[in-house]
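What the coordinates show
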Amino acid sequence: MPMHITSPLTRETLETLRSGDSVLLSGILYTARDAAHARLCAALAEGRPLPVDLRGQTVFYAGPTPTPPGKASGAIGPTTSARMDPYTPQLLAYGVAAIIGKGERSPAVRQAFIANGAVYFAAVAGCAAHMAACVKSVEVVAYDDLGTESIKRLAVENLPLTVALDTQGGDFYQLGRALYLQEKLTPNNFLE
Amino acid sequence: MAKLRTLSSEAIAACVSRLCIQACTVLPGTVCRLIDEAQRTEPYPPARGVLELMQQNAAIAAEEHVPICQDTGMVVVFADVGQDVHIVGDTLENAVNIGVARGYTQGYLRKSVVADPLRRGNTGDNTPAVLHVRLVAGDHLTLTVSPKGFGSENMSRLAMLTPADGVEGAKAFVLETVQLAGANPCPPIMLGIGLGGTFEQVALLAKQALVDMREGAHPDPYYASLENEWRNAINALGIGPQGFGGLATALSVRIKAAPTHIAGLPMAVNVGCHVTRHASETL
Ligand code: SF4
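Notes on the structure in this doc start here. Everything numeric here is computed off the predicted structure, so don't read it as measured data.

**As for the pairing of strand E2 (residues 22-31) of chain A**
Residues and elements named next belong to chain A. Buried residues dominate E2, accounting for 9 of its 10 residues. Note that strand E1 (residues 3-7) and E2 share 5 bridges and pair parallel. Its bridge partner being in E2, Met3 is matched across the sheet by Val23. Tracing the backbone out of E1, into helix H1 (residues 11-16) and back to the parallel element E2 gives a crossover that is right-handed. Where E2 meets strand E3 (residues 58-60), 2 bridges bridge the pair, whose relative direction is parallel. Along E3, the bridge assignment pairs Tyr30 with Val59.

**A few points about the pattern of salt bridges**
A full pass over the atoms with the stated rule returns 23 salt bridges over all chains. Linking Asp80 of chain B and Arg134 of chain B is a salt bridge whose minimum nitrogen-to-oxygen distance equals 3.0 Å. Taken as a pair, Asp80 of chain B in strand E2 (residues 74-82) and Arg134 of chain B in strand E4 (residues 130-136) lie far apart in primary sequence, 54 residues in all. On the basis of relative accessible area, Asp80 of chain B is assigned to the buried category, the value being 19%. Given a relative accessible area of 40%, Arg134 of chain B falls into the partly exposed group. Of the charged contacts, one joins Asp212 of chain B and Arg214 of chain B as a salt bridge, the two residues approaching to 3.3 Å between their closest N and O atoms. Take Arg214 of chain B: its relative accessible area is 16%, and that puts it in the buried class. By sharing partners, the salt bridges in this structure join Arg33, Asp34, Arg83 and Glu149 of chain A into a single network.

**A closer look at the site of the ligand**
As a structural note, the neighbourhood of the ligand is formed by Lys102 and Gly126 of chain A together with Cys69, Gln70, Asp71, Gly149, Gly151, Ser152, Cys186, Cys273, Val275 and Arg277 of chain B. Looking at side-chain class alone, the shell around the ligand contains 4 nonpolar, 5 polar and 3 charged residues. Mapped onto the domain boundaries, the shell around the ligand takes at least three residues apiece from domain 1 (5-24 + 68-148) and domain 2 (151-279) of chain B.

**Quick notes on helix H4 (residues 92-106) of chain B**
Residues three or four positions apart in an α-helix share a direction because the helix packs 3.6 residues into each turn. Residue and element names in this part refer to chain B. Its 15 residues give H4 an end-to-end C-alpha distance of 21 Å, which sits within 8% of 21 Å, the value for a rise of 1.5 Å per residue. Turning to H4, its buried residues are Leu92, Ala95, Val96, Asn97, Gly99, Val100, Ala101, Gly103 and Tyr104. Residues of H4 that are buried make contact with helix H1 (9-25), E2, strand E3 (85-88), E4 and strand E5 (141-148). After H4 finishes, the residue Tyr108 shows a positive phi value of roughly 50°.

**A word on the interface of chain B and chain A**
Facing the 42 residues of chain B at the interface are 43 residues of chain A. Across the chain B to chain A interface the summed buried area is about 3,200 Å²; carbon plus sulfur atoms make up 60%. By the criterion of area lost to chain A, the three top residues of chain B are Gln70, Tyr108 and Phe244 of chain B, representing 23% of everything that side buries. Our count for the contact surface shared by chain B and chain A stands at 1 salt bridge. Among the ionic pairs, Glu64 of chain B bridges to Lys71 of chain A, the shortest N-O distance being 3.6 Å. At the junction of chain B and chain A, the tally comes to 13 residue pairs in polar contact (both at pLDDT 80 or more). No other element matches the 10 residues that helix H3 (residues 45-64) of chain B contributes to the side of chain B that touches chain A. The residue inventory of the side of chain B that touches chain A, partitioned by class, reads 23 nonpolar, 14 polar and 5 charged.

Cut-off values and rules
Residues numbered from 1 in each chain as written. Chains lettered and ligands numbered in written order. Predicted model: local features only at pLDDT ≥ 70, side-chain atom pairs only at ≥ 80, totals over all residues. Heavy atoms only, no water. Buried < 20%, exposed > 50% of the residue type's maximum accessible area, 1.4 Å probe, protein only. Helix = DSSP H or I, 4+ residues; strand = E, 2+ residues; numbered from the N terminus. Pairing = 2+ DSSP bridges. Right-handed = clockwise from strand over helix to strand, strands pointing away. Salt bridge = Lys/Arg side-chain N within 4 Å of Asp/Glu carboxyl O. Near = heavy atom within 4 Å. Nonpolar A, V, L, I, M, F, W, Y, C, P; charged D, E, K, R; others polar. Domains from an automatic or database assignment. Expected span 1.5 Å × (residues − 1). Contact = heavy atoms within 4.5 Å. Buried area = accessible area lost by both parts, 1.4 Å probe. Polar contact = N/O pair within 3.5 Å; in protein donor to acceptor, adjacent residues only side chain to side chain.

Without other data, these values stay purely geometric and don't point to any function.
Structure below.
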C-alpha cells in the first residue's frame, strides 16, 4: 500500500522514507527545470534573494503543456534529472527539501541528498495525460518569460511517486535492478 | 511531359498542423501493440504495473485529446515530394513551419524550441521544424510528422567504427549506449540504428529506422536476426520500465543499413522512448 504524504514534507517524514517506497504525494510543489535552475543558482551565487522561497519545499523538474480552457492543468510529467545535477548540491544546501524527477543522479548529487537529509522521488515519465489528473491548480510564480520553463506553483493530490534516493543513501535505481536480476535467477519466483 | 499537380502551401500547413496534434495525442498502433506485448511478457510484477500505467495513459490521451507526454518534442518532418507536384503560395519550408506553429498553439502543445543552442531563447511557437525532403515519383506529397522528445534524443550516440570492429563492435556500441542511458530516455525504449553511409547519412538512417513503423520482421533475414539478438541482449540488462528493474528495457530495435566506404563502419543509435510518436498523411 502506498503511503500518503504531504508537501512541504517534514524532517520526520523525510527521514522515514526508504528507497523503493511507493507514495502518494499531496500538497504544494514548485516546478523548475534547466533555465530556471540557471537563474536560481546565479542568484544564490551572487547573494540575491530568490523570487520564491524554496526552503523546505519540493521542487518538481517539469515543464507542463499549456493549460487548455476548462482544465486545471495541461499534461505534466518529470524531465531528466541528470541535467539538473550541476545545480542540485547548491539548491539542497540552500534548503530545498525534496525533488521529483526521473533517472539516475551523479555520485556528487547522491552525496548531497544524504548530507542535507533530502529525498529524491521518481515519477513515471511519459504518462503525462494520466498525471495531469493529479494536478488541481497551476500558477506561474516566477520567470514568466521562460514559458514552459517558468517556476510554477502546483497544488497536487495523490501524485504517485517512488522514493529513488533516501536520506540514508539508498538508491532504488541500483537496488531495483539488482532485485529484479536476483529474482530472475530463481525461475518462477517472481513475487506476485 | 507529365502534367504537374498543383498543391497549395496552405493545404500543406493545415495538414502539418493536424498531424502535430494527432502525433502528440494518439500513440501509433504499432507502439501500442509493442507495449501490450511487453506487458504480457513482463515477468516482474512492479515492471508490469508501470507498463499498465503506460497503457492507461495512452488510452486517456487519445480519448481526452491531451498529449501523451508533456514533452511534445521538437518536430521532425519527412516530406516525400512527388516530382510531378507543383507547390504554389509559400515555400514548402515556410508551409511546414506555419503548420507547426498553428498546431502547437491551437493544440495547447508545449513549445520546447530555443532559437540558438548557446544563447537559448524560446521561439514561442515550437518552430522551426527539422525538415527532411525527398524527391519521389508521382504527383503526391506524403508528410510524416514525428515530434521528438529530448529525454531520449539526448541519449543518442554516433560512432565512426572501423571495419575490424565488425558486427560484435556494433553490438557492443548499442549495449554501451543503452547502459549509459539508463532510466533517462524513459524505458522501455525503441532504438533506431543506422549503419553505413557517411557521417551525416548514418544519423539520418537511424532517425528513419526509428520512425519506420513496420509491423513484423526486417525484410532482410540477416538484419532481422540481428535486431532480435540485440533486443534480447538489451533486455537481459535488467534496466526495465522506468529504470527500476524488469525485462522490458527495449520494445524494439530497428536497423537501417546503407553502402559505405572500404575504410568505414559508421554507426548511429537514435534512442526513442515509449512515447515514440508520429503521424502521416498523403496529399
Ligand atoms: S523521453 Fe519521451 S516519454 Fe520521456 S519525457 Fe521525453 S517525450 Fe516524454
